Amino acid sequence: MSTESKSKKRTLKPIDARQPTVRKMDFDGMSDLPEHYFAGNSFVTHIINAYHILFPEGERFFIKSVKAYSDQVIDSQLQTNIKAFIGQEVQHGKEHEKVLEILARQGRPVERFVRFFEWSAFRMMLPFFEFFFGKKLKLSVTAGMEHYTATMGEITLRHGFHENAFGDMRNLLLWHACEEIEHKSVAYDVLRTVSNSYTLRIFGFFLASWIFWGYVVFFQHWFLLTDPEIGWKRYFQDMNSSRVYGRILFTETVKAFFLYLKPGFHPSQTGGYEMADRALATI
Ligand SMILES: [Fe+2]
Ligand SMILES: [Fe+2]
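For clarity, every value in this text was computed on a predicted model and none was experimentally measured. (Residues numbered from 1 in each chain as written. Chains lettered and ligands numbered in written order. Predicted model: local features only at pLDDT ≥ 70, side-chain atom pairs only at ≥ 80, totals over all residues. Heavy atoms only, no water.)

(A) Structural context of the coordination of the iron ion (ligand 2). Within the first shell, the iron ion (ligand 2) binds the protein through Glu89 (OE), Glu146 (OE), Glu146 (OE), Glu180 (OE), Glu180 (OE) and His183 (NE2), at distances of 2.0 to 2.6 Å. Its 6 donor atoms give the iron ion (ligand 2) angles of 53 to 152° at the centre, a pattern that matches the irregular case. Along the chain, the residues donating to the iron ion (ligand 2) fall in the pattern E-x56-E-x33-E-x2-H. Between the iron ion (ligand 2) and the iron ion (ligand 1) the interatomic distance amounts to 3.7 Å, and Glu89 serves as a bridging ligand to the pair. Note on accessibility: Glu180 and His183 belong to one class, buried. (Donors = N, O, S within 2.8 Å, 3.2 Å for Na, K, Ca; no water. Tetrahedral: all angles 85-135°; square planar, octahedral: opposite > 155°, others 65-115°. Buried < 20%, exposed > 50% of the residue type's maximum accessible area, 1.4 Å probe, protein only.)

Structure representation (structure tokens):
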């Protein structure tokens, strides 16, 4: 189903990449969320669940990383956009935390997953590499992660993936995708303000790639293994029927990966702003 076909009276402020806005949401229509809320497919549902695990902690990390360098930003527009970026990420974290509560009620061991993620990524891995690359590494990882969240947002909207999600989960994924597109240049511009190092940008991106994909596949399988409804037969059935999404995701993220490696890359080059604005109007 196209996003346009669901268009209705607009209640949310339009997408404006030059000046992002904080939009407070309250997705409360998820109390009856089915266990496999994405097209009845456990393989894809648990990938999205893995992102629900990553987001609240990850977004707190983005905020801290950008805040640490905001006093070095002279450009007043970028200063304003940093505030909006922080506000948007706070709201995203809040809504994803509500989903974690629902998943916990469904019997998923989310607390253990979040603890493991926080400990291994933010207490072990990043401090280890920070020792060699310095404090700016966290900002570089954030810029890299933001490239992935925006890319995922663009893929979601372009292919209407969110339309397969149940009820308010559709709206949550859609809203988050739109705002990731809207603020995708902010962390990158802060990084450019404080460092011109290509090595730093790319090494941070490699770590971001590991966090964004390594942890997602890991948590997806941890979810699948602890899902009482999923045995080997259903695992392979759902994996097979998720290929249609997997192929798109794989080819588009590989393209996005190589794009970020280009020395003259800037997040605004991939656009997607009008698409995000049209999609947001359907909430
Ligand atoms: Fe976000
Ligand atoms: Fe973001």
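Following the structure, the description resumes.
(B) View of the coordination of the iron ion (ligand 1). The protein atoms that coordinate the iron ion (ligand 1) are Glu59 (OE), Glu89 (OE), His92 (ND1), His176 (NE2) and Glu180 (OE), at distances of 2.0 to 2.3 Å. Along the chain, the residues that donate to the iron ion (ligand 1) are spaced as E-x29-E-x2-H-x83-H-x3-E. Residue class for His176 comes out buried when judged on its relative accessible area of 5%.

(C) Fine view of the pattern of salt bridges. By the definition in use, this model includes 17 salt bridges. Residue Arg115 is joined to Glu111 by a salt bridge in which the shortest nitrogen-to-oxygen separation is 3.5 Å. Separated by 4 residues within a single helix, Arg115 and Glu111 lie in helix α3 (residues 110-133), roughly one turn from each other. Residue Arg192 pairs with Asp189 through a salt bridge whose shortest N-O separation is 3.4 Å. Separated by 3 residues within a single helix, Arg192 and Asp189 lie in helix α6 (residues 186-194), roughly one turn from each other. Each member of the salt-bridge network shares a partner with another, and the members are Arg23, Glu179 and Glu182. (Salt bridge = Lys/Arg side-chain N within 4 Å of Asp/Glu carboxyl O. Helix = DSSP H or I, 4+ residues; strand = E, 2+ residues; numbered from the N terminus.)

(D) Seen up close, helix α1 (residues 42-67). End to end, α1 covers 37 Å across 26 residues, agreeing with the expected 38 Å (1.5 Å per residue, within 8%). Along α1, the sharpest change in direction is near 35° and occurs at Phe55; proline Pro56 comes one to four residues later. The buried count for α1 comes to 22 of 26 residues, which makes it a mostly enclosed element. The N-capping residue of α1, defined by a side-chain oxygen 2.8 Å from the backbone nitrogen of Phe43, is Asn41. (Expected span 1.5 Å × (residues − 1). Bend = angle between axes of the 7 residues up to and from the residue. Polar contact = N/O pair within 3.5 Å; in protein donor to acceptor, adjacent residues only side chain to side chain.)

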